Amino acid sequence: MILAAAVRVSHPTGVLRGRVTLPASKSEANRALIIRALSGKDFPIHNLSDANDTQLLNRLLSAPVGEEVSAEDAGTVMRFLTAYYAATGQELTLTGTARMCQRPIGVLVDALRQLGAQIDYLGQEGFPPLRMKGFTPSGSNQLTVRSDISSQYISALLMIGPLLPQGLELTLEGKISSEPYIRMTLAQMAYFGVEATFEGQKITVDKQEYQAREYTVESDWSAASYWFSITALAKEADLFLPALRHDSLQGDSVLPTLMAPFGVETEFTPEGVRLTKQPVQEPLERINFYACPDLAQTVAALAAGLEVEVEMTGLESLRIKETDRIAALQFELVKFGAELREIAPDVFKVFLRKQPENLATVHTYEDHRMAMAFAPLALKQPLVVEEPKVVRKSYPRYWEELEKAGFEIEKMG
Ligand SMILES: O=C(O)C1=C[C@@H](OP(=O)(O)O)[C@@H](O)[C@H](O)C1
Ligand SMILES: C=C(OP(=O)(O)O)C(=O)O
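An unreviewed UniProt entry lists the protein under the name 3-phosphoshikimate 1-carboxyvinyltransferase, with Rufibacter glacialis given as the organism. Under the heading Sequence similarities (unreviewed entry), UniProt records this for the protein: "Belongs to the EPSP synthase family." Taken verbatim from the UniProt record of the protein, the Pathway (unreviewed entry) comment is "Metabolic intermediate biosynthesis; chorismate biosynthesis; chorismate from D-erythrose 4-phosphate and phosphoenolpyruvate: step 6/7."

Chemist: Would you mind going over the overall build of the protein with me for this structure?
Modeler: When its secondary structure is counted, the protein shows twelve helices and 22 strands. Radius of gyration (C-alpha) of the protein: 21 Å, near the 22 Å computed for a compact globule of 413 residues. The C-alpha extent of the protein, read off along each of the three principal axes, is 65 × 45 × 45 Å. When each of the 413 residues of the protein is scored for burial, the buried share is 51%. By sequence separation, contacts in the protein at least 24 residues apart represent 72% of the contacts at least 6 residues apart.

Chemist: Can you walk me through the sheet that holds strand β15 (residues 272-277) in this structure?
Modeler: In any sheet, the strands associate via hydrogen bonds between backbone groups, in a parallel or an antiparallel arrangement. Here we have four strands laid out as an open sheet, ordered β2-β13-β15-β14, and mixed in their pairing. Either end of the sheet is taken by a strand with one partner, and the two such strands are β2 (15-19) and β14 (264-269). Strand-to-strand, the axes of this sheet are offset by a mean angle of 20 degrees, without reference to chain direction. Bridge count between β14 and β15: six bridges; the pairing is antiparallel. Across the sheet, the residue bridging to F268 is V273, located in β15. The sheet contacts of helix α7 (residues 221-233) involve β2, β13 (236-242), β14 and β15, and relative to β13 the element is tilted by about 165 degrees.

Chemist: It is not clear to me how the site of ligand 2 should be interpreted in this structure. Could you clarify?
Modeler: Near ligand 2 the following residues occur: A74, G75, T76, D294, K321, E322, R369 and S394. Looking at side-chain class alone, the shell around ligand 2 contains one nonpolar, three polar and four charged residues.

Chemist: Just to check I follow, could you spell out the domain arrangement of the protein for this structure?
Modeler: Accessible area lost during the coming together of the parts is what is often quoted as the interface size. When the domains of the protein are assigned, the result is domain 1 (6-23 + 219-412) and domain 2 (26-215). Contacts between domain 1 and domain 2 engage 18 residues on the former and 21 residues on the latter. Looking at the side of domain 1 that touches domain 2, its residues break down into eight nonpolar, five polar and five charged.

Chemist: Quick question: what am I supposed to make of the sheet that holds strand β22 (residues 408-412) here?
Modeler: The mixed open sheet is built from four strands, whose spatial order is β20-β21-β1-β22. Every other strand in the sheet has two partners, leaving β20 (361-362) and β22 as the edge strands with one partner each.

Chemist: Explain the site of ligand 1 here, please?
Modeler: The environment of ligand 1 is formed by 13 residues, the closest being S27, S150, S151, S178 and Y181. When residues of the shell around ligand 1 are traced back to their parent elements, those giving at least two are α3 (75-87) and α5 (151-160). For the shell around ligand 1, the element with the highest residue contribution is α5, accounting for three residues. By residue class, the composition of the shell around ligand 1 is two nonpolar, ten polar and one charged. Both domains that meet at the shell around ligand 1, namely domain 1 (6-23 + 219-412) and domain 2 (26-215), each give it at least three residues.

Chemist: Looking at this structure, how should I read helix α10 (residues 325-333)?
Modeler: Along an α-helix, residues three or four positions apart point the same way, because every turn accommodates 3.6 residues. By the burial criterion, the buried members of α10 are R325, I326, A328, L329, E332 and L333. In a view along the axis of α10, the buried residues occupy a sector of 160 degrees, so they form one face of it. At its buried positions, α10 is contacted by α9 (296-306), β18 (338-344), β19 (347-352), β20 and α11 (368-374).

Chemist: Help me understand the nonpolar core, please; the structure alone is not making it clear to me.
Modeler: Nonpolar side chains tend to gather and get buried jointly when the protein is soluble and globular. Within the largest apolar cluster, 71 residues are counted, with the highest numbers of intra-cluster contacts made by A224, W227, L241, A300, A303 and F374. Counting residues per element, this core draws most heavily on α7, at nine residues. For A303, the residues in contact, after removing those within four places along its chain, are V308, E309, V310, A338 and V350. Of all hydrophobic cores here, the second largest spans 66 residues; its members include V109, M159, M189 and A196.

Chemist: Which parts of the structure should I look at to understand the packing of α7 against α9?
Modeler: Two numbers describe a pair of packed helices, the interaxial angle and the distance between the axes. Closest axis-to-axis distance for the α7/α9 pair is 10 Å, and the angle between their directions is 10 degrees. Taken as axis vectors, α7 and α9 run roughly parallel relative to one another. Residues S225, Y226, S229, A232 and L233 of α7 lie in contact with α9, whose contacting residues are T298, A301, L302, G305 and L306. The class makeup of the residues in the contact of α7 with α9 is six nonpolar, four polar and no charged.

Chemist: Just checking my understanding: could you explain the UniProt feature "domain: Enolpyruvate transferase" (unreviewed entry) in the protein for this structure?
Modeler: UniProt feature "domain: Enolpyruvate transferase" (unreviewed entry): in the numbering of this structure it lies at residues 64-402. Across residues 64-402 one finds 28% helix and 25% strand; the C-alpha atoms that close the span lie 38 Å apart.

Chemist: Help me understand helix α2 (residues 52-62) in this model?
Modeler: For α2, the complete set of buried residues consists of N52, D53, T54, L56, L57 and L60. Buried-residue contacts for α2 involve α1 (26-39), β4 (68-70) and α3.

Conventions used here
- Here the residue index of a chain counts from 1 through its sequence in written order.
- All chains are assigned letters beginning with A, and all ligands numbers beginning with 1, in the order in which they are written.
- Thresholds applied to this predicted model are a pLDDT of at least 70 for local features of residues and 80 or more for the giving and counting of side-chain atom pairs; totals over whole chains, interfaces and linings are not thresholded and use all residues.
- UniProt positions are given in the numbering used here, feature names are shortened, and annotations may be inferred rather than shown by experiment.
- Numbered from the N terminus, helices here are DSSP runs of H or I no shorter than four residues, and strands are runs of E no shorter than two.
- Radius of gyration: over C-alpha atoms. The globule rule applied is 2.2 Å multiplied by the number of residues raised to the 0.38 power.
- Each residue is classified by how many other C-beta atoms fall within 10 Å of its C-beta atom, where C-beta atoms are placed from the backbone; a count of 20 or more means buried, 12 or fewer means exposed, and values in between mean partly exposed.
- Any pair of residues counts as being in contact when their C-beta atoms, constructed from backbone geometry, are within 7 Å of one another.
- Note: two strands are recorded as paired if DSSP finds a minimum of 2 bridges between them.
- For helices, the fitted line uses only the C-alpha atoms of the stretch in contact; every axis is such a line through C-alpha atoms, and the angle between N-to-C directions lies from 0 to 180 degrees.
- To decide nearness, the C-beta atom of each residue is placed from the backbone, and the residue is near a molecule or strand if that atom lies within 6 Å of it.
- When residues are sorted by character, Ala, Val, Leu, Ile, Met, Phe, Trp, Tyr, Cys and Pro go into the nonpolar class, Asp, Glu, Lys and Arg into the charged class, and all the rest, Gly among them, into the polar class.
- For the domain bounds, the source is a domain assignment made automatically or taken from a database.
- Arc, as used here, means the arc of the directions from the helix axis to the C-beta atoms.
- By definition, a nonpolar core groups buried Ala, Val, Leu, Ile, Met, Phe, Trp, Tyr and Cys residues that connect through C-beta atoms lying within 7 Å of each other.
- Note on terminology: angles under 35 degrees are roughly parallel, angles over 145 are roughly antiparallel, angles of 65 to 115 are roughly perpendicular, and the others are oblique.

Structure, rendered in structure tokens:
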């Protein structure tokens, strides 16, 4: 882990060959951890990553916790534990970083209250910290829940569904944001023996028991996105990313299709994927990130690096993630000669404006994806990334892996 105040990143040759180590998916891991805890059974979960979001949840679920629990900056930990502590009737305070206390949780708290959870807000209404005060089943199992803010509320509710006295019937209200993450939740529940139906806007889970089964977490496709970007920006590239599957549960496995126009060819093998560089196809179509919001920063930075203009939509949820990612992109892209501008409601376009700055310094806003999405631009010219340790949230070995691939990472400050 690099603890320096900043790193100077460059890649003198621009030629990349070799094998990359990816972290395991934090989304899959955190669902498996919650399901294991809810099952009351013990079973091995293989390939848990060293990502802080996963390590933190594992620690919190593996030993008794005190009066106050911090989910730090991990959205899944905050949302999944709120439902978990509610359903298991635990009395404690659940909080997180200052940013976490600005990320909304009202939709989930309202739903849990309707099911019988007693939860108080200790700060601002609708936001952490929360005081969890126990659970008395209300007898009602039919809920209508807004689905256009964060899918994590829905996933959190679904996982406790089979433990509720009458199961759970959720009607999703509005557009379904980040839907592949809901499908991932249902697929993992099914793997552990819990059936549910998802028809139209309605998801039904009867009362059932989770079964103990060994689980192996797939590599993380969101983390893979930075290597797709690196391939596209390299002079030459032939990279192997192990343990990614064609039949992935992760929505971000749309990357091979999404990145083909940017000049990345993906070949699936039984062991993983091979990425090779091809010419960029122009013009690029408008890309919708509603189902894969975590890829938006990768693509915006890549467009600036490749000097192609691209339209992006489906970015609503970016404003409530680790930082306001739209604002963060707007500030940082300028340093690379590009501008992200809203050209119609929720339609943004990366415009090319001017020459990139020499040795641009990327501010990371306590957001791992800002650091990881911009670092590949060092293939064009050296740059500086502030607070490189932010990557610990999902990909602690990111800088070491870049070094292995021929990037020079020089610690500063
Ligand atoms: O359920 C999950 O594992 C996640 C869902 C998504 O969040 P939203 O549903 O809030 O968009 C995604 O951005 C996040 O990184 C992980
Ligand atoms: C949005 C993210 O995570 P979370 O919401 O779980 O904090 C992310 O990893 O990009």
